[in-house]
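# An overview of the molecular structure
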Amino acid sequence: MRKPRLMTPGPAMVPEDVLLELARPVIHHRSAEAKDVITEVSAGLKEVLQTKNDVMILTASGTGAMEAAAVNTVPPGGKALILNAGHFAARWASICKAFEINAVSLDFEWGQAVDPDRVAEALKANPDTVCVMGTLSETSTGTGHPVEAIGRVVAETPAVFAVDGISGVGAMECRADDWGIDLLCVGSQKALMLPPGLAFISVSPKAWAKIDSFESHSYYFNLKAARSKMKEFDTPYTPAHTLILALRTALRRIKEEGLENVWQRHRRMSEACQAGVQALGLELFSSRPAEGLTAFRIPAGLKDSQIRNKLTERFGIATVGGQGKLKGHIVRIGHMGYTDEIDVIGTIAALEMTLAELGVDIEPGRGVTAAQHVLMGQASAVGQG
Ligand SMILES: *Cc1c(COP(=O)(O)O)cnc(C)c1O
């Protein structure tokens, strides 16, 4: 017998009360009840994204929000600056290409954080940039970028700042308004504790000015259409409102725990996971780890599939390998959303047994002990505070 444990950086585990919402009879999406639900989740999303601006609800995976941000703010031939430090950042460039947006790529080594000073230089060299496209948590490398500092740089220019917060929002501190994020993109299946299918995007007044300055080529992801319907707590087309019902429950959970506490819990999970992995002699991939996942290099002589298959077959624990050029080089453990201390400790324990059985010279218990020390130290500090 194995319990499935989805320790992946999206989709991630969904709590029971959220799952139960999905089993209810389908209501009509233009009913008063549906409107009430959107009214409540609209307020909840503003809180989670830390914005006073409207948050649009799109029926799409997270990439739909990225596409909406790009195609609605930058006209064909307009310029975008891509802060390119991983597989998902590169997706911004692919979206730009599809819509004939002139993408200038500012490249950083994978696993390194974006340097705000270089963003400032690039914006000086490209004063006609309409939109800077960055990432809060680069899931492919497990890196958290200094979005607050980058936001300060972009705010001084005419450009808007679009941030892919798909795996970051809800897993690490992110304040759209205070940090100067004009378009914050989020997906439902990461830290927000839902299945895939919904995307969210906040839009600042600075971004609306760009959006209102031309007719976008988008139809389904047209933010003007979304804005006019959102005024009545509605959506232009039939939304995945079964998921929106479940979102209400997920947002109530976040509200009950308190957003700051949710961030703090993720910080503890990531520090515990990092400590556990490093105590086993494994090397973290990122020099500035994100808080919703931990990426480590595969020990010499092993294949990522050996580690990941054993974790799944023996313990029911799903993890992911590397993407793009990191394929075969790293393993990524997700600890975002509905994840607790025991999930992390259990995963480290399973990793120890897995590595030992694969012939790696490790002492079972070392990783778990290191993780426990982090959790006990910080748990008591929280208790005293
Ligand atoms: C998961 C993820 C995406 C892609 O989201 P989809 O929901 O698969 O479209 C984009 N960016 C980041 C950082 C992600 O983690």
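Every value quoted in this text rests on a predicted model; they were computed, and no experiment measured them.

Every residue near the ligand is listed here: Ser61, Gly62, Thr63, Phe88, Arg91, Ser137, Thr139, Asp164, Ile166, Ser167, Gln189 and Lys190. In the model, an oxygen atom of the ligand is placed 2.4 Å from a nitrogen or oxygen of the threonine 139 side chain. Here lysine 190 contributes a side-chain N or O atom positioned 2.7 Å from an oxygen atom of the ligand. Coverage of the ligand by the protein amounts to 89% of the 380 Å² it exposes when considered alone.

Averaged over every residue, the pLDDT of the protein chain is 96; residues scoring 70 or more account for 98%. With pLDDT under 50 throughout, residues 379-385 is counted as low confidence; its partners more than four residues away or in other chains account for two contacts.

So, on to the domain arrangement of the protein chain. Per the domain assignment, the segments of the protein chain are domain 1 (16-256) and domain 2 (259-375). Measuring from the centre of the C-alpha atoms in domain 1 to the corresponding centre in domain 2 gives 28 Å. Contacts between the two partners involve 31 residues from domain 1, matched on the other side by 24 residues from domain 2. Surface buried jointly by domain 1 and domain 2 totals about 2,300 Å² across both partners, of which 58% is contributed by carbon and sulfur atoms. A per-residue breakdown of the area domain 1 buries against domain 2 is headed by Trp110, Gly142 and Ala171, which together make up 21% of the total. Counting the contacts that link domain 1 with domain 2 gives one salt bridge.

Compared with an ideal rise of 1.5 Å per residue, which puts 17 residues at 24 Å, helix H9 (residues 241-257) spans 24 Å between its outermost C-alpha atoms and is within 8% of the ideal. Burial in H9 covers these residues: His241, Leu243, Ile244, Leu245, Ala246, Leu247, Arg248, Thr249, Ala250, Leu251 and Ile254. Just past H9, the residue glycine 258 takes up positive phi, approximately 95°.

Before going further, it helps to spend a moment on the sheet that holds strand S5 (residues 129-135). With mixed pairing, seven strands are arranged side by side in an open sheet as S2-S10-S9-S8-S5-S3-S4. The strands lining the two open edges of the sheet, one partner per strand, are strand S2 (55-59) and strand S4 (102-107). Adjacent strand axes in the sheet meet at a mean angle of 20° when their direction is disregarded. Note that strand S8 (residues 160-164) and strand S9 (residues 183-187) share three bridges and pair parallel. Within S9, the residue paired with aspartate 164 across the bridge is cysteine 185. Sheet strands in contact with helix H4 (residues 87-98) are strand S3 (79-84), S4, S5, S8 and S9, and its direction is about 160° off that of S3. In this fold helix H6 (residues 147-155) packs onto S3, S5 and S8, with an angle of close to 160° to the strand it touches most, S8.

Conventions used here
- Residues numbered from 1 in each chain as written.
- Predicted model: local features only at pLDDT ≥ 70, side-chain atom pairs only at ≥ 80, totals over all residues.
- Heavy atoms only, no water.
- Near = heavy atom within 4 Å.
- Polar contact = N/O pair within 3.5 Å; in protein donor to acceptor, adjacent residues only side chain to side chain.
- Areas by Shrake-Rupley, 256 points an atom, 1.4 Å probe, with all protein chains shown as cover.
- pLDDT = per-residue confidence, 0-100.
- Contact = heavy atoms within 4.5 Å.
- Domains from an automatic or database assignment.
- Buried area = accessible area lost by both parts, 1.4 Å probe.
- Salt bridge = Lys/Arg side-chain N within 4 Å of Asp/Glu carboxyl O.
- Helix = DSSP H or I, 4+ residues; strand = E, 2+ residues; numbered from the N terminus.
- Expected span 1.5 Å × (residues − 1).
- Buried < 20%, exposed > 50% of the residue type's maximum accessible area, 1.4 Å probe, protein only.
- Pairing = 2+ DSSP bridges.
- Axes fitted to C-alpha atoms, helices over the stretch in contact; angles between N-to-C directions.

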